[in-house]
Each structure stands twice: as C-alpha cells, then as structure tokens.
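# Chain and residue survey
Here are the chains, one letter per residue:
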Amino acid sequence: MSLLPNAAVLLGKELRTEFRSRELLTTTLIFILIVIVLFSFTFDPTSDESRRFAPGLLWLAFLFASSLMLQPCFLREQHNDTLSALRLSVRDPFAIFLAKLAANTLFLLLTELLLLPLFAIMYNVPVLSVLHWLVLVFFLASLGISIAGTALSAISAQARMRELLLPLLMLPLLTPILVASTEVTKALFDRTPYVQWKGIGFLAVFDVVFLTALWLFGEYLLEE
Amino acid sequence: MYFSLPWDRHCGPSASVVCCAPVRGSPVTSPAFSPVGLRFENIDKRYGRLLALRRVTLAIAPGECVVFAGRNGSGKTTLLRVAARLVRPSKGTLNFSEEPHAGESQEIRPGFVAHATMVYDELTAEENLLLFARLERLPQTEHRVDALLREVGLYDRRASLVRTFSRGMRQRVAIARALLHEPAVLLLDEPATGLDPQGVTWLAQAIRRLRDSGRTILMSLHGESEIASLGTRAVRLDAGSVVADTRTGATFRSILTFADA
C-alpha cells in the first residue's frame, strides 16, 4: 500500500515549495485582506448588520481567494512536465490529488485563521466563544473547496483559456458550500449562538461524496 | 556486496570501489534488472481528429539502442510517451517483451527523459532526487542519491536550487532522476536539446555506458550526431507511421539525415 506514504512525501514537497516561495499564501492573504477592508470602509456596518451579512461576505471572500490559490495547483506541474514525472513514480495517482488537496486545505485554513481576528475587529463580531465551532466549519468548508477545486484545477490546466476556466467551473459547483458555510457561520455569530448541525452535516457529506468521486475518477483527469 | 550505479555494470574492480556505494546488496557483476524488450502492436493514437500514431508495429530486442528519427510532428514523442505509459494508445497494445501477445506487464517501469527536465526548479538537485526516490520507495535513498549525484557530476552543487542551473546541469539532474530506480528500459526524447557541445559529449558518454550496461534504449533525435551514432537501429517515422527501419550502415545514416533510404 503506497498511497499514504506517497501522499505524505508529496505533501512534504508541496509545503516545502510553498513555504520557500510563499507565493500562494501571500497572494491569498492580501486578496482576502483587501476584500474585508474595502467592504468595511464602504458599508461601515453596525454590529447587528455585521451579524447578518458578514458571514456571507467572509465566505465569498474565501471562495474567490481559493480560486486564486487553486489556479497554479496543476499549472505549476506543467512548467517542467513534473506531472509526468510524478505519474511515472507513483503507483496510485490518487496520491497526487491527496497531497495537493491536503496542502490546499492547509493553506486555505491557515489564511482563514490568520484573517479571522482582523475580521472580528473590523466587523465587530465576537468570535472567541465560538472559535472551536468556527474552526470546524472552516475545516469542512476548506476541505470541500480544496477537493472540488483540485479536481477542477487538473481539468482546467490542460485546457485553453485555463486562467478563466477554473473560476467558471469552480464557483457554481461550490455554491452549496458557500450557502451551507454561510448559514452555519451566521448561526454562530447570532446574539445567542447555536450550532446548525444540518449545515455541518451537509458540508461533511459534500466532502465525502467529492473525495470518493475524486478517488474513483481522478486517474482519468491526469491522462493526456 | 555492492550496489552498482546504473551505468557501471561493466566497470572493473577498481572502478567499482570508486563508483559504487554499498547500498542494495547486489554484487556489481549481477545487474539489478533483467534485459527487457518491447513490442508495439498495431498502435494508434488519436488526439481529436489528429491521428498522431497509425498502426505502429515494432519489436525491439532486449539491449537494443533504437534511434527514432523524423520531422516535427511525425509521432516520435507520442510513441515514447506511449512506451512510458504516459499516453494510453487509442488502439493496439504495448508489451514489455518481444513475444507477441505476452500480456501487458505493469511491473516494468521505464526511465524517461523528456524535452522538459521533469524536475522542480524550486527544489535543490538533492531534494528533487530524494523526492522521486522516496516516491519510488527505493531502499536507502540517501546513499543512492549521493551516488547518482557524484556520477552526473553534480555532487558539489547538490544543495543548489535547480533554477540556478544551466540547461546542461538540469539535463544531468533529469537523467539522474530517470535512472533512480535502475530501469531496464530507458526512453530519451530529444535528450540533447539545448545542450552545448560539451554537454552533448557528456551525454553521449553517459548513453554509451547505459547502452553497454545492457539497457534497452529508445531515443528520438534530429539528424546525425554523436549521440545518434550510438544507435544500433534506426527507425524513421512519418505522419505517425513507421516508414523505414534498419540496423545497417548506409540506410541507417539516410534515416537520420532524412535522405531517401
């Protein structure tokens, strides 16, 4: 069974190359920061208004930022045809996807957690009391975005107009995640916070379904 | 007991001491691979409307060094990528045996050197080789990687990022990567592209040693060259079909120079 050891080796490579260049993390952080700050300046929301629309704004910013982050995921592998080298070396091509989606989830989660304090201050939303629930939502939603986004990145990398194609494919597909995570976050930001289990369950099911699909059909996405 | 470097199967006792690190536990005199032949059986490859390969049938004996010649777009790269199992043929079969209908073997994994270097610019030469050695799940990766880096002359630059390397140095890393798992079959797609004369000479020497070690080598080339002269057989492709195939002198040369055979 070489899937998990191979995925671990590749995850190490993804982390090493990203922390060496910091291209994706910096770009994504700055993008989300700009969106959060611009919206705050434009609407200057009160606390009650923030509770209503800030979760939607937050997840929209995360979703757009993730389309930026996921774009180079497979494009980078085309530069020196390293994807072919990986395909020649790994027995199970799912290891390539597993490593990439794990790295993308990690990067996205890190970005979200880094920007959460700033978001809480600018929109006057208390997050400390529900932090553990927020982390769970962030994780499930980021995982879902990464699974679907990594698969679509593999498809779009081989197409013409690849830079435009990924957001066009990704954003509609991830609308259910946007709606569910916004609803769960809104419930957590409520004056009397509560956990919306239906939304959390939906995010978990989305992740399992898309991960299974990627495991079954991922190999075909890498073929020339 | 010594692990032998890929191209040192025939090096003498003194050379073994210098070149071979104690890794795999197999003596220098016994190769870690058995010579393997290939058989392309009626291979077609279609990309949309374009038929890149049409009814290619070739039997390649173990240890042969085959040079594929042909104009741009003649199907050389596609054929090599089919042999590497990077491209699935639209029709036909590929067997790693000369015998027809021997069944497809998933165990034989050729080493592949392409136009592109197939290594990461953001990693060092050593990190690149360690990455692929670990993916291959090779034993004692560090020793193996060190030995290969010494052999390709990059040991002193092992900690440098590949993006700081010249084209020739990148090609050396690419060759080291392809040889990590000691493949019995080596596929070289225009390996001399972008190399200076010194680089071409180094590459020719490396290919000669690999050929003499008993590996089956398939390489695509443009025109006559120091490297082409290492071939024991020349095959010319035109519009995806095999149009000439020879092992003898004058015809061999005409195939490489695109003259009428």
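As a reminder, the structure under discussion sits directly above these lines.
Quick look at the structure, then. It should be emphasised that the depicted structure is a prediction, and the values quoted were computed from it without experimental measurement.

The rules we used
Residues numbered from 1 in each chain as written. Chains lettered and ligands numbered in written order. Predicted model: local features only at pLDDT ≥ 70, side-chain atom pairs only at ≥ 80, totals over all residues. Helix = DSSP H or I, 4+ residues; strand = E, 2+ residues; numbered from the N terminus. Rg over C-alpha atoms; globule rule 2.2 N^0.38 Å. Buried ≥ 20, exposed ≤ 12 C-beta atoms within 10 Å, placed from the backbone. Contact = placed C-beta atoms within 7 Å. Nonpolar A, V, L, I, M, F, W, Y, C, P; charged D, E, K, R; others polar. Axes fitted to C-alpha atoms, helices over the stretch in contact; angles between N-to-C directions. Parallel < 35°, antiparallel > 145°, perpendicular 65-115°, else oblique. Left-handed = near helix turned anticlockwise from the far one by under 90°. Pairing = 2+ DSSP bridges. Arc of directions from axis to C-beta. Expected span 1.5 Å × (residues − 1).

Okay, the overall build of chain A next. Counting its regular elements, chain A contains 10 helices and zero strands. A compact globule built from 224 residues should have a C-alpha radius of gyration of about 17 Å, and chain A, at 18 Å, falls within 12% of that. Overall, the C-alpha framework of chain A stretches about 55 × 30 × 30 Å when taken along its three principal axes. The proportion of buried residues among the 224 residues of chain A is 45%. Partitioning the intrachain contacts of chain A with sequence separation of at least 6 by distance along the chain shows that 84% fall at a separation of at least 24.

Each helix and strand counted, chain B has seven helices and nine strands in total. Residues classed as buried in chain B amount to 46% of the 261 residues present. Of the contacts formed within chain B by residues at least 6 apart in sequence, a portion of 68% connects residues at least 24 apart.

Here we come to the interface of chain B and chain A. Many descriptions give the size of an interface as the accessible area lost when the pieces come together. Listed as interface residues are 22 residues of chain B and, on the opposing side, 19 residues of chain A. Top element by residues in the side of chain B that touches chain A is helix H3 (residues 125–135) of chain B. It accounts for four residues. Its residues assigned to classes, the side of chain B that touches chain A shows 13 nonpolar, one polar and eight charged.

Residues and elements named next belong to chain A. The geometry of helix H3 (residues 47–70) relative to helix H9 (residues 175–188) is characterised by a closest axis approach of 8 Å and an angle of 140° between their N-to-C directions. Relative to H9, the element H3 lies oblique. Like other packed secondary-structure pairs, H3 and H9 cross with a definite hand, here right-handed. On H9, the residues touching Pro55, Gly56, Leu58, Trp59, Leu60 and Leu63 of H3 are Leu178, Ser181, Thr182, Thr185 and Lys186. In terms of residue class, the contact of H3 with H9 is built from six nonpolar, four polar and one charged.

In this section: the sheet that holds strand E5 (residues 111–113) of chain B. All names here are of chain B. Strand order in this open sheet of six strands is E5-E6-E7-E3-E8-E9, and the pairing throughout is mixed. The open sheet has two edge strands with one neighbour each: E5 and strand E9 (241–246). Pairs of neighbouring strands in the sheet enclose a mean axial angle of 15°, with direction left out of account. Taken together, the five bridges between strand E6 (residues 185–189) and strand E7 (residues 216–220) define a ladder with parallel strand orientation. Bridge pairing in E7 places leucine 188 opposite methionine 219. In the packing of helix H5 (residues 167–179) onto the sheet, the strands contacted are E5 and E6, and the crossing angle to E5 comes to about 165°.

Turning our attention to the packing of helix H1 (residues 3–21) of chain A against helix H6 (residues 94–122) of chain A. Helices that pack against each other are described as a pair by the angle of their axes relative to one another and the distance between those axes. Residue and element names in this part refer to chain A. Running from amino to carboxyl end, H1 crosses H6 at an angle of 45°, the nearest separation of the two axes being 8 Å. Here H6 runs oblique to H1, going by the angle between their axes. In this structure, the crossing between H1 and H6 has a hand that is right-handed. Side by side, H1 and H6 meet where Leu3, Asn6, Ala7, Leu10, Leu11, Glu14, Leu15 and Glu18 of the first sit next to Phe94, Ala95, Ile96, Leu98, Ala99, Lys100, Ala102, Ala103 and Phe107 of the second. Each residue belonging to the contact of H1 with H6 can be placed in one class, and the counts come to 13 nonpolar, one polar and three charged.

What follows deals with the environment of A:Gln196. All names here are of chain A. Looking at the element boundaries, glutamine 196 is found in the loop between H9 and helix H10 (197–221). Owing to 18 C-beta atoms within 10 Å, glutamine 196 belongs among the partly exposed residues under this scheme. The residues touching glutamine 196, leaving out its near neighbours within four places in the chain, are Glu183, Val184 and Ala187.

Moving on: helix H4 (residues 72–79) of chain A. Residues and elements named next belong to chain A. Taken as a whole, H4 has its buried residues at Cys73, Phe74, Arg76 and Glu77. Buried residues along H4 cover an arc of 150° about the axis, so they all sit on one side. Buried residues along H4 sit against H3, helix H5 (82–89), H6 and helix H7 (131–156).

Further remarks concern the sheet that holds strand E1 (residues 38–47) of chain B. Residues and elements named next belong to chain B. Read across the sheet, three strands follow the order E2-E1-E4 without closing on themselves; strand pairing throughout is antiparallel. Because the sheet does not close on itself, it has two edges, and the strands there are strand E2 (50–60) and strand E4 (91–95). Strand-to-strand twist of the sheet, defined as the mean angle between neighbouring strand axes without regard to direction, takes the value 20°. The pairing of E1 with E4 spans four bridges and is classified as antiparallel. Bridged to aspartate 44 within E4 is lysine 91.

All names here are of chain B. A positive phi is found at arginine 85, a non-glycine position, where the angle reads about 65°. In this structure, alanine 239 is a non-glycine residue whose phi angle is positive, near 50°. Looking at where alanine 239 falls in the secondary structure, it is placed in the loop between strand E8 (233–238) and E9.

All right, on to the pairing of E9(B) then. All names here are of chain B. Note: E8 against E9, five bridges, orientation antiparallel. Note on E9: the bridge partner recorded for valine 235 is aspartate 245. Turn length for the E8-E9 hairpin, with the two strands adjacent in sequence and antiparallel, is two residues, and the turn residue alanine 239 shows positive phi of about 50°.

Taking 1.5 Å per residue, 29 residues should reach 42 Å; H6(A) reaches 41 Å between its end C-alpha atoms and fits that length. A positive backbone phi angle near 55° is found at A:Asn124, which sits one or two residues after H6(A).

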